[in-house]
Amino acid sequence: MNAVDIITKQKKGEDLSRGEIAFMVNGFTDGSIPDYQMSAFLMAVVLKGMSRENIVALTEILRDSGDVMDLSEIKGIKVDKHSTGGVGDKTTLIVAPIAAAAGVPIAKMSGRGLGFTGGTVDKLESIPGFRTSMEKEEFIRGVNERGIAVIGQSGNLAPADKKIYALRDVTGTTESLALITSSIMSKKLAAGSDAIVLDVKCGNGAFMKTLEDAEQLAHSMVDIGKASGKKTMAIISDMSQPLGRAVGNALEVREAIDVLKGGGPEDIRELSITLAGAMIAAGGIVRGAELAEEILSSGKALEKFREFLEGQGGDSQIIKDYRLLPQAAHSRSVKSERSGYVSGVDALRIGLASQHTGAGRETKEDSIDMTAGIVLNKKISDKVEKGDVLFTVYANNPDKLVKGAEEAMTAFAFSKTKAARPNLIKKVIE
Ligand code: URA
């Protein structure tokens, strides 16, 4: 077997054997296949795609390149949730306690991530005392005792994917259904749950800009999840404007608590109930969505969240006193210069603005300002009078505050007549 033959086969769009895919992936990971050959192979995958069998094989080879979590000591059907990434998406902080309160064991491994804000682990770590770093035994005990535990992603989770992803990033090979599916699903499969609920974002703040592309990705991931023996379903949700109003780590924790208390923005509440309902159903419990709504409205999800925080060393007093969360030294409210209706709040620009304030990392080495970010006062379809506050920017660094505010201002579009609210849940794929 040699790399040139395999690249040539892939270039012609021919099916590869599992052994040939393993030869490329494992060879690149151990250094015996150089970057330039792997780049050529990846570009051939981008241009010719892969058969379903080849995507399944690639996913499983990536999964098996590192640790695969064994969650068999946890009783019941373990359900995981994954979002393909968006702006203001704090749903994990809400859906995980709802599903856990319904009796679905949540053993979640979450990442930090690059991007507009930190990942779920960063958001949780903005809570004083909260720990996401622990031994596997403590993690399993947490799930068995409280029904929920969240741990930071192991450094050895699908390491082949990590190395390939870094190469894709610099060789124009990120946009491939086969590569995105295998990359995401390899990590989900390695995380060890029995069922997976995917939230595939669609819109300009997401990886997939159109409904057609989001649908293709959702079908592909559901298919590969099922082929690997996991119950998998996907929800396609809107990311043309940010989800909720808060974008930034501690700011999002606060908004998630608002929702757990029965308030908060309607869109985040609706999506959380839909996702939690799907997780509860995947866990084999009937009336998933109804139960999710009941658990949220009754305060049981908030109680579960409190138990979860305390179980992992977090200060649960933040629930009643948000001032105990990190607070920004500077803030600036930006007002509208015109009257009318908001017709657009470009999610990508708000995401970039949030990153400029210091809420997200540009490189792995960057540190995050937990206090930084943006809170939107106006979203699509809202009426605006000249002088109304459109948004408030928060940061510890005054220069970053200004940069974030300038970028956020470019996100807004206005119309004379009331614009329709985007449809939040676009499709469900079983
Ligand atoms: N997220 C991943 O983990 N991998 C991709 O390829 C795209 C998004």
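Use the structure listed above.
Quantities reported herein were computed from a predicted structural model and do not represent experimental measurements.

Q: Could you give an account of the site of the ligand, with specific residues and numbers?
A: All residues in the neighbourhood of the ligand are listed as Tyr165, Arg168, Ile180, Ser183, Ile184, Lys187 and Phe207. Within the side chain of arginine 168, a nitrogen or oxygen atom sits 2.9 Å from an oxygen atom of the ligand. Relative to its unbound accessible area of 240 Å², the ligand is 84% covered by the protein chains. Sorting the residues of the shell around the ligand by element identifies helix H8 (159–169) and helix H9 (177–190) as the ones contributing at least two each. It is H9 that provides the largest number of residues to the shell around the ligand, a total of 4 residues. Its residues assigned to classes, the shell around the ligand shows 4 nonpolar, 1 polar and 2 charged.

Q: I'd like to hear about helix H4 (residues 52–63), residue by residue, with values.
A: With 12 residues, H4 should cover 16 Å at 1.5 Å per step; its first-to-last C-alpha distance of 16 Å lies within 8% of that length. Among the 12 residues in H4, 10 count as buried, and that is most of the element. Residues of H4 that are buried: Asn54, Ile55, Val56, Ala57, Leu58, Thr59, Glu60, Ile61, Leu62 and Arg63. Residues of H4 that are buried in the fold lie against helix H2 (18–30), H8, H9 and helix H10 (211–227).

Q: Which residues make up the nonpolar core, and what values do they have?
A: The biggest cluster of nonpolar side chains holds 77 residues, and the ones touching the most others in it are Ile98, Ile350, Phe391 and Phe412. Per element, the largest residue contribution to this core is 9 residues, and it comes from helix H12 (residues 266–282). When residues of this core are sorted by domain, at least three fall in each of domain 2 (79–159 + 167–319) and domain 3 (328–415). Sequence-distant contacts of phenylalanine 412, defined by excluding residues within four places in its chain, comprise Val342, Gly344, Val345, Ile350, Leu376, Lys378, Leu390 and Phe391. If you look at the next biggest cluster of nonpolar residues, it comprises 44 residues, including Ala57, Ile164, Met185 and Met208.

Q: Describe the packing of H9 against H10, with residues and values.
A: Relative to each other, H9 and H10 sit at 50°, their axes nearing to 10 Å. Between H9 and H10, the angle is such that the two are oblique. The two elements H9 and H10 meet at a crossing, and its hand is right-handed. On the side of H9, the interface is formed by Leu177, Ile180, Thr181, Ile184 and Met185, while H10 contributes Gln216, Leu217, Ser220, Met221, Ile224 and Gly225. When the residues that make up the contact of H9 with H10 are grouped by side-chain class, the tally is 7 nonpolar, 4 polar and no charged.

Q: Which residues make up the packing of aromatic side chains, and what values go with them?
A: Taken as a whole, this structure holds 4 aromatic pairs when the rule is applied. Look at phenylalanine 305 and phenylalanine 308: their rings are 6.2 Å apart centre to centre, the planes differ by 55°, and that puts the pair in the tilted class. Residue phenylalanine 305 and its partner phenylalanine 308 are both found in helix H14 (residues 300–311); the two are separated by 3 residues, about one turn of the helix. Of the residues examined, phenylalanine 305 reaches a relative accessible area of 1% and is grouped as buried. Overall, phenylalanine 308 belongs to the buried group, its relative accessible area being 3%. Here phenylalanine 412 and phenylalanine 414 contribute two aromatic rings whose centre-to-centre distance is 6.3 Å and whose plane-to-plane angle is 20°, an arrangement assigned as stacked. Among the aromatic residues, those joined into a cluster by ring pairs are Phe130, Phe305 and Phe308.

The rules behind each value
- Residues numbered from 1 in each chain as written.
- Predicted model: local features only at pLDDT ≥ 70, side-chain atom pairs only at ≥ 80, totals over all residues.
- Heavy atoms only, no water.
- Near = heavy atom within 4 Å.
- Polar contact = N/O pair within 3.5 Å; in protein donor to acceptor, adjacent residues only side chain to side chain.
- Areas by Shrake-Rupley, 256 points an atom, 1.4 Å probe, with all protein chains shown as cover.
- Helix = DSSP H or I, 4+ residues; strand = E, 2+ residues; numbered from the N terminus.
- Nonpolar A, V, L, I, M, F, W, Y, C, P; charged D, E, K, R; others polar.
- Expected span 1.5 Å × (residues − 1).
- Buried < 20%, exposed > 50% of the residue type's maximum accessible area, 1.4 Å probe, protein only.
- Contact = heavy atoms within 4.5 Å.
- Core = buried A, V, L, I, M, F, W, Y, C linked by side-chain atoms within 4.5 Å.
- Domains from an automatic or database assignment.
- Axes fitted to C-alpha atoms, helices over the stretch in contact; angles between N-to-C directions.
- Parallel < 35°, antiparallel > 145°, perpendicular 65-115°, else oblique.
- Left-handed = near helix turned anticlockwise from the far one by under 90°.
- Phe/Tyr/Trp six-rings, centres within 6.5 Å; stacked < 30°, edge-to-face > 60°.

These values are about where atoms sit, not about what they do.
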